[in-house]
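# A look at the structure
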Amino acid sequence: MDVSLIVKKIKVSYNIDTNSQLADYFQISAAAIDSWKRQNKVPEKYLFKCVNETGVSLDWLMDEDKPTFHISGGSKNISQVNGSVNQGSDIKTEDELDLFEEFKKMENLAKMANKVDFLKDELAKIKEKLKQYI
């Protein structure tokens, strides 16, 4: 298990750059994250928290293979899918993590666009109801 890679994937999932920011997010010390590397284990509660809050799969977090992605244009949904991929160099892994980070940004933008559309619809309904009272 490559704990450094797992921590990097967690940071990518949350769009966080540093261990200090991750520690702040998890409300733990940066030294605690360093201890994960020494103990060669990430506590399960943080793995499950990441899975539940970001939507990445536990398999992806734990697997050392590079991630692959499925993009569904119709629903504006981007999901990460693990495939059987030969392990690449660290440079390829870095590139894949950067790509995943960009996909997560796109997914977040799509979610925000959906929320804006929902709010516009709700505002239109409220305006129609107000017209009844005026």
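Look up: the structure comes first, before these words.
Computed from a predicted structure; not experimentally measured.

### Description of the environment of Arg 38
- Summarising the element assignment, Arg 38 is placed in helix H3 (residues 30-39).
- For the pair Arg 38 and Val 3, spaced 35 residues apart in sequence, the C-alpha to C-alpha distance is 9.0 Å.

### Observations regarding the environment of Ser 57
- Here Ser 57 is to be found in the loop between helix H4 (44-54) and helix H5 (58-62).
- Exposure remark for Ser 57: the relative accessible area of 26% places this residue in the partly exposed category.
- Expressed as a C-alpha distance, the spacing of Ser 57 and Leu 47, which sit 10 residues apart in the sequence, is 9.6 Å.
- A distance of 3.0 Å separates the side chain of Ser 57 from the backbone nitrogen of Trp 60, its partner in a polar contact.

### Section: the pattern of salt bridges
- Considering all chains together, one arrives at three salt bridges under this definition.
- With a closest N to O distance of 3.0 Å, Lys 49 and Glu 53 form a salt bridge. Of this pair, Lys 49 and Glu 53 both sit in helix H4, four residues apart, roughly one helical turn.
- Judged by its relative accessible area of 31%, Lys 49 falls in the partly exposed class.
- With a relative accessible area of 41%, Glu 53 lands in the partly exposed category.

### Some remarks on helix H1 (residues 3-14)
- The first and last C-alpha atoms of H1 sit 17 Å apart over 12 residues, in line with the 16 Å expected at 1.5 Å per residue.
- For H1, the tally of buried residues reaches 10 of 12 residues, placing the bulk of the element in the interior.
- Where H1 is concerned, the buried positions are Val 3, Leu 5, Ile 6, Val 7, Lys 9, Ile 10, Lys 11, Val 12, Ser 13 and Tyr 14.
- Measuring from the side-chain oxygen of the N-cap residue of H1 to the backbone nitrogen of Ser 4 gives 3.2 Å; that N-cap residue is Asp 2.
- Directly after H1, the chain includes Asn 15, whose backbone phi takes a positive value near 60°.

The rules we used
Residues numbered from 1 in each chain as written. Predicted model: local features only at pLDDT ≥ 70, side-chain atom pairs only at ≥ 80, totals over all residues. Heavy atoms only, no water. Helix = DSSP H or I, 4+ residues; strand = E, 2+ residues; numbered from the N terminus. Buried < 20%, exposed > 50% of the residue type's maximum accessible area, 1.4 Å probe, protein only. Polar contact = N/O pair within 3.5 Å; in protein donor to acceptor, adjacent residues only side chain to side chain. Salt bridge = Lys/Arg side-chain N within 4 Å of Asp/Glu carboxyl O. Expected span 1.5 Å × (residues − 1).

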